[in-house]
Amino acid sequence: MKIKSTARLLGITTVALLALTGCAGTTPSEGDGAAETVEIRLSLNQTEEHPNYLALTSFADEVREKTDGRVDVQIFPNAVLGAQQESVQLVGSGAVDAASISGTQMNNLNEDFAVLDMPLVFDSEAHQMKAINDPAITGDLFKSLESSNKLTIVGAYTQGARSVYNSQNPVETPADLAGVKVRVQESELHVSMLTAMGGSPAPMAFGEVYTALQSGVIDGAENNSVSYVTEKHYEVAPYFSYTRHLIGADFLVLNSDVFNSLSDEDQQIVSTAFLNSVDEFMSIWDAQSAEAVKTAEAAGSTFNEVDADAFRAVLEPMVDDVLDTDDKKALYDAIRAAA
Ligand code: GCU
């Protein structure tokens, strides 16, 4: 957080950011009596073309407009402020104010998030968005990391259905993944998921996947068609197989001290602006998902349907494994009731 007229806070944040970005810069200052502007620096691991960047830009515009410039969200794309696993720690420590964080990383901090990050919980992206952004369902969960980790969750965008792609062959059944090294997001849950699907999981950061595919360190990865194209993975892993094993989510996470420093009115503006951006996100998402398939096909990639029943059969036991507490079961039931 940078409060333009508060030198001490500004100094701390600037030093932290200089260390992170390696950029040189000077501390902007304003004269006495200048209106205070809280700058929120938001870390994103996607490109400027990705729906998250575009929708977060609209969110930032609405926040700036409705707060008359009191809150200024600045988005730093392309993981320049760190990969997600580091970013979520940096947001907790206050070195970075906000980040877009995959549910997989949230689940590493509070296992209850696993319910939102496992196979077979959401029927569709619409069901997911309705359930995840409903305070009656996720309100307590979104506040659960405030005292322990200083993380406040404002809401979530969908990652769509994630599928497997690789450099070797089309995948139709779990048996086709035998011996195939597939990158997963860094969490035990996803390692177990990919193992259940028949492959060999290789956890690593998102930004390392292209080079790892290109050099043959891994054979494949799993993601949505949008990231498959924005990250150019189709160039090095041309077989995309619609396993649709998981509908993931990206959470907008703010440092709790930063969020709580805002007036009640400005907190409300931030929350509402995010919810307003979800609809725009969804229309960009739908358009880009279809466009991504065309782009990859034009470059020679193939997309194939899989034996969905066979994948469902190997993934179903995960649901019971994850639902090992009453809290998780209650959350799961509330989500299913919203289907
Ligand atoms: C998607 C998701 C990101 C996530 C990435 C990954 O692109 O939107 O938040 O980091 O998948 O696989 O790591």
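Given the structure is predicted, the values throughout are model-derived calculations rather than measurements. (Residues numbered from 1 in each chain as written. Predicted model: local features only at pLDDT ≥ 70, side-chain atom pairs only at ≥ 80, totals over all residues. Heavy atoms only, no water.)

Participant: With reference to specific residues and values, describe helix α8 (residues 188–196).
Facilitator: Residues Leu189, His190, Met193 and Leu194 constitute the buried set of α8. Relative to the axis of α8, the buried residues are bounded by an arc of 125° and lie together on one face. Where α8 is buried, its residues contact α4 (103–109), β6 (181–184), β7 (200–203), β8 (220–223), β9 (239–255) and α13 (308–322). Gly198, located one to two residues past α8, shows a positive phi value of around 105°. (Buried < 20%, exposed > 50% of the residue type's maximum accessible area, 1.4 Å probe, protein only. Helix = DSSP H or I, 4+ residues; strand = E, 2+ residues; numbered from the N terminus. Arc of directions from axis to C-beta. Contact = heavy atoms within 4.5 Å.)

Participant: Before we move on, could you go through the confidence of the model for the protein chain and cite the residues and values that matter?
Facilitator: Per-residue confidence for the protein chain averages 92 on the pLDDT scale, and 90% of its residues sit at or above 70. Note on residues 5–33: pLDDT under 50 across the span, and 30 contacts to partners over four residues away in sequence or across chains. (pLDDT = per-residue confidence, 0-100.)

Participant: Go over the site of the ligand, please, and point to the residues and values.
Facilitator: The environment of the ligand is made up of Asn45, Gln46, Gln84, Ser102, Gln159, Arg162, Arg183, Gln185, Phe206, Asn223, Ser227 and Asp250. Between the ligand and Gln84, the relevant distance is 2.8 Å, taken from an oxygen atom to a side-chain nitrogen or oxygen of the residue. Taking 310 Å² as the accessible area of the ligand by itself, protein coverage stands at 97%. (Near = heavy atom within 4 Å. Polar contact = N/O pair within 3.5 Å; in protein donor to acceptor, adjacent residues only side chain to side chain. Areas by Shrake-Rupley, 256 points an atom, 1.4 Å probe, with all protein chains shown as cover.)

Participant: I'd like to hear about the nonpolar core, residue by residue, with values.
Facilitator: Met106, Phe251 and Ile335 are the most contacted members of the largest nonpolar core, which has 51 residues in total. Residues contacting Met106, with those up to four places away along its chain left out, are Val88, Ile101, Phe113, Leu145, Ile153, Phe251 and Val253. Membership of the second largest hydrophobic core comes to 29 residues, among which are Ile40, Leu44, Val258 and Trp285. (Core = buried A, V, L, I, M, F, W, Y, C linked by side-chain atoms within 4.5 Å.)

Participant: How would you summarise helix α14 (residues 326–337) if you had to cite specific residues and measurements?
Facilitator: Between the first and last C-alpha of α14 there are 16 Å, a value that for 12 residues agrees with the 16 Å anticipated at 1.5 Å per step. Taken together, the buried positions of α14 are occupied by Lys328, Leu331, Tyr332 and Ile335. For α14, the angular spread of the buried residues around the axis is 100°, confining them to a single face. Structural note: α14 exposes Asp326 and Ala337 on the side pointing more than 90 degrees away from its buried face. For α14, the secondary structure elements touched by its buried residues are α5 (125–132), α6 (135–143) and α13. (Expected span 1.5 Å × (residues − 1).)

Participant: An account of the packing of helix α2 (residues 51–66) against helix α12 (residues 264–298) is requested, with residue identities and associated values reported.
Facilitator: Packing of α2 against α12 leaves a shortest axis separation of 8 Å and a crossing angle of 150°. Classified by the angle between their axes, α2 and α12 sit roughly antiparallel to one another. The way α2 lies across α12 gives a crossing that is right-handed. Along the contact surface, α2 presents Pro51, Asn52, Leu54, Ala55, Leu56, Ser58, Phe59, Glu62, Val63 and Lys66, while α12 presents Ile269, Val270, Ala273, Phe274, Asn276, Ser277, Glu280, Phe281, Ile284, Trp285 and Gln288. Residues belonging to the contact of α2 with α12 are distributed by class as follows: 13 nonpolar, five polar and three charged. (Axes fitted to C-alpha atoms, helices over the stretch in contact; angles between N-to-C directions. Parallel < 35°, antiparallel > 145°, perpendicular 65-115°, else oblique. Left-handed = near helix turned anticlockwise from the far one by under 90°. Nonpolar A, V, L, I, M, F, W, Y, C, P; charged D, E, K, R; others polar.)

Participant: Please provide a residue-by-residue account of the environment of Val96, values included.
Facilitator: Along the polypeptide, Val96 turns up in the loop between α3 (84–93) and β4 (98–102). Taking the C-alpha atoms as reference points, Val96 and Asn255, separated by 159 residues in sequence, lie 7.8 Å from one another.

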